[in-house]
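# Structural description and commentary
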Amino acid sequence: MKFIWYTTELNNRNHWGGTFVGYHQSSALKKLGHAVQLLDPASDFSFYVNEIKPDWVYVPVEFTQYPCFQNILYYKKIYKYGIVIGVGIFDKWVEKITGWDLLITQWYGKGVDNFPLQLHYVPHGFNPDLHFPTKQKILYNAVFIGRNQAKNRNPQKYIYKIKNVKYFGYGWPGNFEIAEIDELSKLYNQAIVCPNFHGINQKGDFCMLNERTYQILACGGFQVCDYIPGMENYFEENTLLWEESTKEWVKKIKYYINHPMERQDYIQNGLKHVQKYSYHKIMNNFINLL
């Protein structure tokens, strides 16, 4: 099949916010033998739709508020493609969007179950071309890759007492570094512990496991994750360590920094278990859904 696949920015390889979902999804579709053209909201859709004549166009739900979506709806009448919308916002206006043929989401939970539109679960995952174990010299006690969001998620608030923590991403005080999309495997393997911390908006009626959950394990990193309701349905405790209490979460990080040899079983179990969440498998299931 032929796809036009919208992503946030075509020319940004910085790994912002712990996520680069559109790139990984489209890369997996190409590996599966499909033709994919990545676009962003500034792209000339009228040119590409005429060149490619896609079977499907994928758009994140926030893009339905941009002028590009009116073009997508207009040319659908001419080229008869289907529209897939990725829903990650659950405000009332989302319930009124039109023109779509399929809605997918990386969210689950009571809020999603009660949402008035039918949403199909297509989870986050990892890209096997980029996320795999690699031998590195340990440089840090802990590495966190993602944005610092003081109101929604502020990892530094909880792990600032741990020495030798390296942050990569936007919003950190002082001189912070930005990780590029193909550097994650190296960085996660330079740390004894890779803490994973979600936003408070991902832990209520609407739940989501972020990409870090899968990518750290696939890179062979040792992850200590905060608890997301329902995550035990996707990961057993011997494959992923998590803690509901922030205090216990910090204690566990400190414990494994001081006892690094006790990480190995979790690393191996997690690496084996996470293979079911390869984006290649996820997007193959997506194709079957289409």
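Below or above, wherever it landed, is the structure these notes cover. (Residues numbered from 1 in each chain as written. Predicted model: local features only at pLDDT ≥ 70, side-chain atom pairs only at ≥ 80, totals over all residues. Heavy atoms only, no water.)

## Points about the overall build of the protein
Tallying secondary structure elements over the protein gives 10 helices and 11 strands in all. Judged by the C-alpha coordinates and their principal axes, the protein covers about 65 × 40 × 40 Å. The buried share of the protein, taken over its 290 residues, is 53%. Look at the contacts in the protein between residues 6 or more apart in sequence, and 69% of them connect residues 24 or more apart. When the accessible surface of the protein is summed, it comes to about 13600 Å², and 48% of that surface belongs to carbon and sulfur atoms. (Helix = DSSP H or I, 4+ residues; strand = E, 2+ residues; numbered from the N terminus. Buried < 20%, exposed > 50% of the residue type's maximum accessible area, 1.4 Å probe, protein only. Contact = heavy atoms within 4.5 Å. Areas by Shrake-Rupley, 256 points an atom, 1.4 Å probe, with all protein chains shown as cover.)

## Description of the sheet that holds strand β9 (residues 191–196)
Spatial strand order, β8-β7-β9-β10-β11: 5 strands in an open sheet with parallel pairing. The sheet terminates laterally at β8 (165–168) and β11 (241–243), the two strands that pair on one side only. Each neighbouring strand pair of the sheet contributes to a mean axis angle of 25°, computed without reference to strand direction. The pairing of strand β7 (residues 140–145) with β9 spans 2 bridges and is classified as parallel. Bridge pairing in β9 places A142 opposite V193. Lying over the sheet, helix α7 (residues 211–218) contacts β7, β9 and β10 (223–226), oriented at roughly 160° with respect to β9. (Pairing = 2+ DSSP bridges. Axes fitted to C-alpha atoms, helices over the stretch in contact; angles between N-to-C directions.)

## Let's talk about the packing of helix α1 (residues 21–31) against helix α10 (residues 279–289)
Where α1 meets α10, the closest approach of the two axes is 9 Å, and the angle between their N-to-C directions is 75°. Comparing the axis directions of α1 and α10 gives the class roughly perpendicular. Across from V21, H24, Q25, A28, L29 and K31 in α1, the residues of α10 making contact are Y279, H280, M283, F286 and I287. When the residues that make up the contact of α1 with α10 are grouped by side-chain class, the tally is 7 nonpolar, 3 polar and 1 charged. (Parallel < 35°, antiparallel > 145°, perpendicular 65-115°, else oblique. Nonpolar A, V, L, I, M, F, W, Y, C, P; charged D, E, K, R; others polar.)

## A closer look at the sheet that holds strand β3 (residues 56–60)
Reading across the sheet, the 6 strands line up as β2-β1-β3-β4-β5-β6 and stay open at both edges, with parallel pairing between neighbours. The open sheet has two edge strands with one neighbour each: β2 (35–39) and β6 (120–121). Looking at chain direction, strand β1 (residues 2–6) and β3 are connected through 3 bridges and run parallel. By the bridge assignment for β3, W5 is matched with Y58.

## Section: the layout of surface pockets
Which parts of space are left empty comes out when a probe the size of a water molecule is rolled across the atoms. In this model, the second largest pocket occupies a volume close to 290 Å³. Lining the second largest pocket are 16 residues; nearest its centre among them are T134, N189, G220, R263 and I267. Among the residues forming the lining of the second largest pocket, the class breakdown is 7 nonpolar, 7 polar and 2 charged. (1 Å grid on protein atoms, 1.4 Å probe; cavity = no way out; pocket = protein on both sides within 12 Å on 5 of 7 lines; lining within 4 Å. Points joined across faces, edges and corners; volume = space filled by probe spheres on them.)

## Quick look at empty space enclosed by the protein
Applying the stated criterion to the full structure yields 1 cavity of 30 Å³ or more. By volume, the largest cavity amounts to about 40 Å³. Lining the largest cavity are L217, G221, F222, Q223, T239, L240, L241, Y266 and I267. Residues of the lining of the largest cavity, tallied by class, amount to 6 nonpolar, 3 polar and no charged.

## What about the nonpolar core?
One finds F3, W5, L29, L209, M231, F235 and F286 to be the most contacted residues of the largest nonpolar core, which totals 35 residues. Looking at this core, the element that brings in the most residues is α10, giving 5 residues. Ignoring sequence-local partners within four residues, the contact set of M231 consists of Y108, L209, C225, D226, L240 and W242. Grouped together as the second largest cluster of nonpolar side chains are 28 residues, L39, F45, I52 and V87 included. (Core = buried A, V, L, I, M, F, W, Y, C linked by side-chain atoms within 4.5 Å.)

## Points about the packing of aromatic side chains
Scanning the entire structure with this criterion turns up 28 aromatic pairs. Centroid distance F20 to Y23: 6.1 Å. Interplanar angle 80°. Geometry classified as edge-to-face. The exposure class of F20 is buried, given its relative accessible area of 10%. Members of the aromatic cluster, connected to one another through ring pairs, are Y6, F45, F63, Y66, Y74, Y75, Y79 and Y81. (Phe/Tyr/Trp six-rings, centres within 6.5 Å; stacked < 30°, edge-to-face > 60°.)

## Here's the deal with helix α8 (residues 246–258)
Each α-helix winds once per 3.6 residues, and so residues spaced three or four apart point in a common direction. For α8, which comprises 13 residues, the first-to-last C-alpha distance of 19 Å matches the rise-based estimate of 18 Å (1.5 Å per residue) to within 8%. Restricting attention to buried positions, one finds in α8 the residues W249, V250, I253, Y256 and I257. Down the axis of α8, the buried side of the element spans an arc of 135°, and every buried residue falls inside it. Structural note: α8 exposes K247 and N258 on the side pointing more than 90 degrees away from its buried face. The secondary structure elements touched by the buried residues of α8 are β7, α5 (155–159), β9, β10, β11 and α9 (264–273). Its side-chain oxygen at 3.3 Å from the backbone nitrogen of K247, S245 defines the N-terminal cap of α8. (Expected span 1.5 Å × (residues − 1). Arc of directions from axis to C-beta. Polar contact = N/O pair within 3.5 Å; in protein donor to acceptor, adjacent residues only side chain to side chain.)

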